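Residue-level structural notes
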Amino acid sequence: MSTLTQNDIEIATRAADNFTRLYYSTYDSPTRVDDIPNFYRANSALTWNGQPFEGIEGVRELMGGIPTTKHEVQSFDCHPIPGSQPPSLLVTVSGIVTHGKGPAGNPANTPRHAVDGHPRVFSQTFILAPDPNAPPTKSGEVAKYYITADALRFVG
Amino acid sequence: MIDLWKEWVGRRWNAEARFLNLERMNEDEWLKRHRLLSPASPDAKKEPQVVFKIASKLKPEVETISLAHNNLVSGAMMTTLAHYLPKLANLSLEGNRLSGWKELDNISGRRGRLSQLRELVLVGNPIRELEYKNNRAQQYKSEIARRFPSLEILDGEPIARVGFDAPALSTSTSTRPHNMLSTFAFQMQPSLIAGVDGPMVSNFLGRYFPLYDQQRGALLDVYAPDATFSFSANTAIPPRARIEGIHVSKEFPNQRKLEWAPWLSGGLGGSRNLGRMTGSLQKVTQSLHLGGEQAVKAMADLPATRHDITGAPEKFCVDAFPIYQGEKPNLLVTVHGQFTELPSEGIRSFDRSFVLAVAPEGSRARQNDWQVMILSDQLVIRAYSSFEAWRPGPMRVQAGDLLPTPALLEVLSAVPKPQRYLMQDLILRTRLNLQYAEDCLKNNDWDLERAMANFEQVKANLPADAFLPENAFMS
């Protein structure tokens, strides 16, 4: 029998909605090199297209090594993962991402069927976990969460 | 006329508290004396928009608005609120006559969304009072919290939520130049299976997918008793696949026979795209399958499939690494690939994320020779995109971009980071050799944009040997 309550599911759903909105708008902003690392901790493990990075410094290195982005989230889903309280959350995101200037940045003579510059489909999976060292700062906050695992791939 | 409205808004504005008090507008004597129609009147047409537009120009920015006691029956008056005041933090609708969820659509739906709302008051509205009277207080709170994910306080009570550390409005002031590269510093890498026994992952996948194709019921063994499963259909048309004409090419003759309906409403609860569940809370719950039995039942109601995970490994990509929840490590396994959907024989793409635990001794999984047990399983199905997307190697940002050869990357690997990435970017954009690229960046304080501008100024006067030969690049 499941140990997850209706309440767990609702909090998880809202958290995922809030998180995806916040994360990708931060990712797409000019200050992402400073702001995105706040979502991670020293023990976070992430991969970007199979390239591994670790911790806050790893994220900072990754953020400084890719062009500007514009993400469009097309679907996302979230489960509380059974086994701990408050639960960790598994979040998967599917959408498209444009890098650099997009198709408008392609040279004038680019053939019409060339895909470069056009948005790529991406798939990103996160595990969000409660931070035992960061007490909730606002009333009603169950816990402060951070990204403990993150796997991204371009898939289309 | 505008000036009268501005004057009136000024009378209702408390700049120090950043509070615009728009309560009891229908009884406002000043409006009556100046023959202005109350924005809350049922006859009001442009008045609300005029007021919100004026409000959007107030300094400092409006943080709180009260629309209390305005006899509002519908949410129509708020149509332009989210447009003019998207950062509104606190809103009171106390003492109005809002009675249905759709009255909140203008501020919590696709037409308009107060996405930073922290506090909302609906006390005194039928939408709240009736729910409380009928013992549905919890459902009311859930529905509101779902519509306003940023909400922290409802009717004076905090809402249970989780917080994240990133600032909502960036306040970071870095003194380093924010160099944005125009190229990728990193390449596409092959499947990454790290920190875990390689065969454990491939054995799991090699057994899971054939069973998923031929005998889904048998998968009950590998799901934990309290496992979670859901699936989402991302029905958007993938841009690159569309440009390549995949869906109309002869190589894929059955794509036009595919339909989304079995995925959107099948599987005993339908596709779970949380971003699109503005319907009832019921759908959010029904589409999440709890426990192995429910998971397998739901899967049985999804279209039949044929994966070819062992036959064509390049068509699949796996990233797997350990994750730590408390003391015991679990395993995150993400698989990207394709399957043939039956009976149409059309091809779909999918992404599947598993959280796996080591199967405990005596567990059903262990008894059936599975080394692992599935705790969570999320499946995404998408229109087909080619596996070329994850072909290892360097990637272009724009058409015509030069790519580094392995030899060039080898030479660059001697340069410490982060200078290495800046030099690589400059070299790919200018063809300068390493020495000139380094000098150019050094002379411009390692600011990429300044270095590029500098290069443009001097490039006509640079000797031929300032540049790398053609064979340093791939195009």
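Residues numbered from 1 in each chain as written. Chains lettered and ligands numbered in written order. Predicted model: local features only at pLDDT ≥ 70, side-chain atom pairs only at ≥ 80, totals over all residues. Heavy atoms only, no water.

**Some points on the overall build of chain A**
Within chain A, the secondary structure is distributed over three helices and six strands. Sequence-ordered secondary structure for chain A, helices as α and strands as β, is α-α-β-β-α-β-β-β-β. For chain A, the proportion of its 156 residues judged to be buried stands at 65%. For chain A, contacts bridging at least 24 residues in sequence account for 61% of all contacts bridging at least 6. Here chain A displays about 5400 Å² of accessible surface, and carbon together with sulfur accounts for 55% of that area. (Helix = DSSP H or I, 4+ residues; strand = E, 2+ residues; numbered from the N terminus. Buried < 20%, exposed > 50% of the residue type's maximum accessible area, 1.4 Å probe, protein only. Contact = heavy atoms within 4.5 Å. Areas by Shrake-Rupley, 256 points an atom, 1.4 Å probe, with all protein chains shown as cover.)

**A short note on the interface of chain A and chain B**
For interface size, the figure often reported is the accessible area lost on association. The partner chain B presents 88 residues to the 96 residues of chain A that form the contact. The contact between chain A and chain B buries some 8200 Å² in all, and 59% of this surface belongs to carbon and sulfur atoms. When the buried surface of chain A facing chain B is broken down by residue, R14(A), H79(A) and R153(A) rank first, second and third, together holding 8% of it. Viewed at the interface, chain B and chain A are joined by three salt bridges. Salt-bridge contacts for E61(A) lead to K417(B); the nearest nitrogen and oxygen are separated by 3.1 Å. With twelve residues, helix α1 (residues 6-27) of chain A is the single largest residue contributor to the side of chain A that touches chain B. Grouping the amino acids of the side of chain A that touches chain B by side-chain chemistry returns 40 nonpolar, 37 polar and 19 charged. Judged from the three bridges that link them, strand β6 (residues 141-154) of chain A and strand β9 (residues 161-163) of chain B form a sheet pairing that is parallel. The partner of E141(A) across the bridge, within β9(B), is R161(B). (Buried area = accessible area lost by both parts, 1.4 Å probe. Salt bridge = Lys/Arg side-chain N within 4 Å of Asp/Glu carboxyl O. Nonpolar A, V, L, I, M, F, W, Y, C, P; charged D, E, K, R; others polar. Pairing = 2+ DSSP bridges.)

**Comments concerning the domain arrangement of chain B**
In terms of domain boundaries, chain B breaks down into domain 1 (2-158), domain 2 (179-390) and domain 3 (403-474). The C-alpha-based centres of domain 1 of chain B and domain 3 of chain B are spaced at 56 Å. (Domains from an automatic or database assignment.)

**Focus: the side chain of T305(B)**
All names here are of chain B. Residue position: T305 is located in strand β13 (residues 304-306). Judged by its relative accessible area of 3%, T305 is buried. At 3.3 Å, the side chain of T305 forms a polar contact with the side chain of R216. Ignoring sequence-local partners within four residues, the contact set of T305 consists of Y212, D213, R216, F339, T340 and L342. (Polar contact = N/O pair within 3.5 Å; in protein donor to acceptor, adjacent residues only side chain to side chain.)

**Thoughts on the nonpolar core**
Counting residues in each nonpolar core, the largest one holds 74 residues, and the members touching the most others are Y23(A), Y40(A), W48(A), F126(A), L128(A), F154(A) and L426(B). Per-element accounting of this core gives the leading share, eight residues, to α1(A). Apart from residues no more than four positions distant in its own chain, W48(A) is found in contact with Y27(A), F53(A), L62(A), I66(A), L152(A), F154(A), F184(B), F186(B), Q187(B) and M395(B). Counting 55 residues, the second-largest nonpolar core is a separate cluster that includes M200(B), F209(B), A357(B) and A365(B). (Core = buried A, V, L, I, M, F, W, Y, C linked by side-chain atoms within 4.5 Å.)

**A word on the packing of helix α15 (residues 419-430) of chain B against helix α17 (residues 448-458) of chain B**
Residue and element names in this part refer to chain B. Axis separation between α15 and α17 bottoms out at 11 Å; the angle between their running directions is 30°. Classed by the angle they form, the pair α15 and α17 counts as roughly parallel. In this structure, α15 crosses over α17, and the sense of that crossing is right-handed. Contacts from L422, D425, L426, R429 and T430 in α15 reach L448, E449, A451, M452 and F455 in α17. Taken together, the residues of the contact of α15 with α17 sort by class into six nonpolar, one polar and three charged. (Axes fitted to C-alpha atoms, helices over the stretch in contact; angles between N-to-C directions. Parallel < 35°, antiparallel > 145°, perpendicular 65-115°, else oblique. Left-handed = near helix turned anticlockwise from the far one by under 90°.)

**Brief notes about unusual backbone geometry**
All names here are of chain B. Look at the link from L342 to P343: it is a cis peptide, with omega at 10°. Relative to the assigned elements, P343 resides in the loop between β15 (328-342) and β16 (346-358). If you check the backbone angles, R24 has positive phi at about 45° while not being a glycine. Within the secondary structure layout, R24 lies in the loop between β2 (19-21) and α2 (29-33). In this structure R24 comes out as partly exposed when scored by relative accessible area, which is 37%. The phi torsion at N135 lies on the positive side, around 65°, for a residue other than glycine. The exposure class assigned to N135 is exposed, which follows from its relative accessible area of 71%.

**A few points about the UniProt feature "domain: NTF2" (unreviewed entry) in chain A**
Taking the UniProt record as the reference, the feature "domain: NTF2" (unreviewed entry) is found at residues 15-154 of chain A. In this annotation, residues 15-154 of chain A is assigned 19% helix and 45% strand; the end-to-end C-alpha distance for the span is 24 Å. (UniProt positions renumbered as here; feature names shortened; annotations may be inferred.)

**Some points on the sheet that holds β2(B)**
Residue and element names in this part refer to chain B. Spatially, β1-β2-β3-β4-β6-β7-β8 is the arrangement adopted by the seven strands of the open sheet, whose pairing is mixed. On the outer flanks of this sheet lie β1 (13-14) and β8 (157-158), each paired with one strand and no other. Both strand β4 (residues 90-92) and strand β6 (residues 119-121) contribute to a ladder of three bridges, which runs parallel. Note on β6: the bridge partner recorded for N90 is E119.

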